[in-house]
Amino acid sequence: KVTGVQTCALPIFSEAHFRTLTYQPGHGVVVHGRYDNSRIGDLLADLDAVIVPSVWFENEPLTIQEAQIAGVPVITGDQGGMAELVRDRTDGRWFRVGDSRDLRRVLVDLINDPEQLQGMRSNAPVVPSIEVQTQVVRHCYRQCLSKRET
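Sequence order as written defines residue numbering, which begins from 1 separately in each chain. Residues qualify for local features only when their pLDDT is at least 70, as the model is predicted, and side-chain atom pairs are given and counted only at 80 or more; totals for whole chains, interfaces and linings, by contrast, use all residues. Note: side-chain values were computed over all heavy atoms of the structure, leaving out hydrogens and water.

*Asks:* Before we go on, may I ask you to explain the sheet that holds strand β3 (residues 50-52) in this structure?
*Replies:* Pairing between strands requires that DSSP locate at least two bridges from one strand to the other. Each helix is a run of H or I in the DSSP string that is no shorter than four residues. Each strand is a run of E no shorter than two, and both are numbered from the N terminus. Sheet architecture is open: 3 strands sit in the order β3-β4-β5, paired in parallel fashion. Every interior strand has two partners, whereas the edge strands, β3 and β5 (92-95), have only one. Adjacent strand axes in the sheet meet at a mean angle of 15°, parallel and antiparallel pairs treated alike. Only heavy atoms enter the contact rule, under which two residues are in contact if any of them lie within 4.5 Å. Axes here refer to lines fitted to C-alpha atoms; in helices the fit is confined to the stretch in contact. Angles between the N-to-C directions go from 0 to 180 degrees. In this fold helix α5 (residues 100-112) packs onto β3, β4 (74-77) and β5, with an angle of close to 150° to the strand it touches most, β5.

Take a look at the structure:
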């Protein structure tokens, strides 16, 4: 299942184009497209894994945190904040950023040994609430300001 396909101004990356590329009857790929964010828990509960194939050096993607809160393993690139949030072979898997063959290798490995996913589910990290994260950031800012004043 493919949910939440990102779109951009270029037609080649449109949701309709993605559906055309992935439509293969009987191959198990279902493109659901965009979703209402209030349904995120229901959507994640039905997934084996969340794939975050970004080639951008993401800081701390909310998509990864949402999956982790739901206990869903994350498959993501091996660089930047994405790799910092996902522990390879513990609560998700890494692949080389921008390397579709390496992503395929990881997916085939998980298909051939699906028990890995259950192990990763049980190792999902505890994600701090937005309130706790806000307190941490405020504390850091206060420390920086107090050092500046002295």
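So that's the structure; there's more coming.
*Asks:* What is the right way to read the side chain of D102 from this model?
*Replies:* Structurally, D102 can be placed in helix α5. If near-sequence neighbours (up to four positions away) are discounted, D102 is found in contact with F95 and R96.

*Asks:* I keep staring at the pattern of salt bridges and nothing clicks. Help me out?
*Replies:* Any two side chains of opposite charge can pair if their charged atoms end up close together. Criterion for a salt bridge: a side-chain nitrogen of Lys or Arg within 4 Å of a carboxyl oxygen of Asp or Glu. For the structure on display, the rule yields 6 salt bridges. Its salt-bridge partner being R93, residue D88 comes within 3.7 Å of it at the nearest N-O pair. Judged by its relative accessible area of 29%, D88 is partly exposed. Between R105 and D102 there is a salt bridge, and its shortest N-O distance comes to 2.6 Å. With R105 and D102 both in helix α5, this residue pair falls 3 residues apart, about one helical turn. A single network of salt bridges, built from pairs that share partners, joins R96, D99, D102 and R105. Three labels apply to residues, based on accessible area from a 1.4 Å probe with only protein chains included: buried if under 20% of the type maximum, exposed if over 50%, partly exposed otherwise in between.

*Asks:* Any chance you could explain the nonpolar core here in plain terms?
*Replies:* Buried together is how nonpolar side chains tend to be arranged in soluble globular proteins. Judged by nonpolar contacts, I40, L44, L47, V50, V52, I64, A67, V72, V74, M82 and V86 together constitute the single largest core of 11 residues. Mapped by element, the contributors of at least two residues to this core are α2 (40-45), β3 and α3 (62-69). For V52, the contacting residues outside a window of four places in its chain are T63, I64, V74, I75, T76, G77, M82 and F95. Nonpolar cores were defined as sets of buried Ala, Val, Leu, Ile, Met, Phe, Trp, Tyr and Cys residues, with membership established by side-chain atoms within 4.5 Å. The next biggest cluster of nonpolar side chains, apart from the first, holds 7 residues, and it includes L103, L110, L117 and M120.

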